[in-house]
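Residue-level structure breakdown
As a plain string of letters, each chain reads:
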Amino acid sequence: MKSGIVVSVDGGLGDQVCAEPAVRYLVEKVFPGWDVHVAAGVPRVFEHLKDRAKVYGHNEFNAERELGYQKRFTFPTTGVLREAVCFLTTHMVDYHAAALLLRHLPLKDKEIQLAVVEEDEIALTSIFGNGDFSKLILVHAGKSWQTKTFPLAWWQEVVDQLSLRGYQVCLIGKDDAGSNTGTLNIIPPQGSIDLRNKLSFGPLLGLLSRAPLLVSNDTSLIQMAGAFNNHIILIASCKHPDFVLPYRNGSPYYKASALYKKLLIDDLPFEPVRDGVLRVDVPVLDWRPYLPDPEIVVEEVISRVSFPQG
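Below, the structure is looked at part by part. (Residues numbered from 1 in each chain as written. Predicted model: local features only at pLDDT ≥ 70, side-chain atom pairs only at ≥ 80, totals over all residues. Heavy atoms only, no water.)

Moving on: the overall build of the protein. Scanning the protein for helices and strands turns up 9 helices and 12 strands. What you see for the protein is a C-alpha radius of gyration of 20 Å, in line with the 19 Å of a compact globule of 310 residues. Projecting the C-alpha coordinates of the protein onto the three principal axes gives extents of approximately 65 × 55 × 35 Å. Taken across its 310 residues, the protein has 53% of its residues classed as buried. (Helix = DSSP H or I, 4+ residues; strand = E, 2+ residues; numbered from the N terminus. Rg over C-alpha atoms; globule rule 2.2 N^0.38 Å. Buried < 20%, exposed > 50% of the residue type's maximum accessible area, 1.4 Å probe, protein only.)

With that out of the way, let us pick up the state of the cysteines. Summed over the entire model, instances satisfying the criterion amount to 0 disulfides. No disulfide involves Cys 18; its sulfur sits 14 Å from the nearest other cysteine sulfur, which is in Cys 238. Classification of Cys 18 by relative accessible area gives buried; the value is 4%. Cys 86 provides the cysteine sulfur closest to Cys 238, a residue in no disulfide bond, and the two sulfurs are 11 Å apart. (Disulfide = S-S within 2.5 Å.)

Let us look at the pairing of strand β2 (residues 35–40). Burial analysis of β2 places 6 of its 6 residues in the buried class, the great majority of the element. Here β2 shows a buried face lined by Asp 35, His 37 and Ala 39 and a second buried face lined by Val 36, Val 38 and Ala 40. Of the pairings in the sheet, the one linking strand β1 (residues 4–9) to β2 comprises 6 bridges and is parallel in character. In the sheet register, Ile 5 faces β2, and the bridge partner there is Val 36. Where β2 and strand β3 (residues 54–57) come together, 4 bridges link them in parallel fashion. Bridging from a neighbouring strand, Ala 40 pairs with Gly 57 of β3. (Pairing = 2+ DSSP bridges.)

This next bit is on helix α4 (residues 92–101). The buried fraction of α4 amounts to 10 of the 10 residues, a majority that puts the element mostly inside the structure. Within α4, the full set of buried residues consists of Met 92, Val 93, Asp 94, Tyr 95, His 96, Ala 97, Ala 98, Ala 99, Leu 100 and Leu 101. Buried-residue contacts for α4 involve β1, α1 (13–30), β4 (70–73) and α3 (80–84). Downstream of α4 by one or two residues, Leu 102 has phi in the positive range, about 60 degrees. (Contact = heavy atoms within 4.5 Å.)

Structure (structure tokens):
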């Protein structure tokens, strides 16, 4: 009888993307030849594993009940791992690997892999047309926790200055009608492209694979971009950038940088002896000590993407 196992991939989109290396390692190196079932909130993340595992959404099929398979979780809500380390103070690729496989992965295996399929390219072309992807500066002004949501005026100045320097800004992101997450209401500068709420997961991957650079706060877009060879500029706040930027070529800082004056997380009380809880969705009364000046962001873009303007 063939052996089998169920992997439950939970959490938000960024969590599921960060779980991909551990799930892939399980399929390829820990249980090759097993009947592996991957139940995920966003099954599209694991499209490239479908020839080696059964991938579907939660509640579509219960292999644990129907087949008697053991289930393991990438993001457990209870257990010794939750008691041993706070997920906000470690890299999520490492956290998911520890939860699922009781190990960390070798550096090369920590790299995120996501597939852009032909249908994604067709959908992206139908929206974007035959424009030049290679000159786009992708900007994702994410909205979620209060400690990740920067003032609208700050983001507006970033995109306005990029546009004044001759860059074509492309605004991306998607609002979640069922929550307070999404993107801030930036006014698109003249000549920019606004693709907010226009791209599903696959076409968004296609865009990330083609554009040379992404600017974002700590959002799932940072992790998704890690599957490709683009430049990444993270505006860090409530999590150390070492634990946010994706592993590529053995380092989170391959073609990537993190900008901040001071990390907000350093001013958030976290004492394991007291309660072991790091509270991050709290008001930020003054962002000035933490956010880099918009000019610094623009200069970092210029240092990384120097194609002729105009």
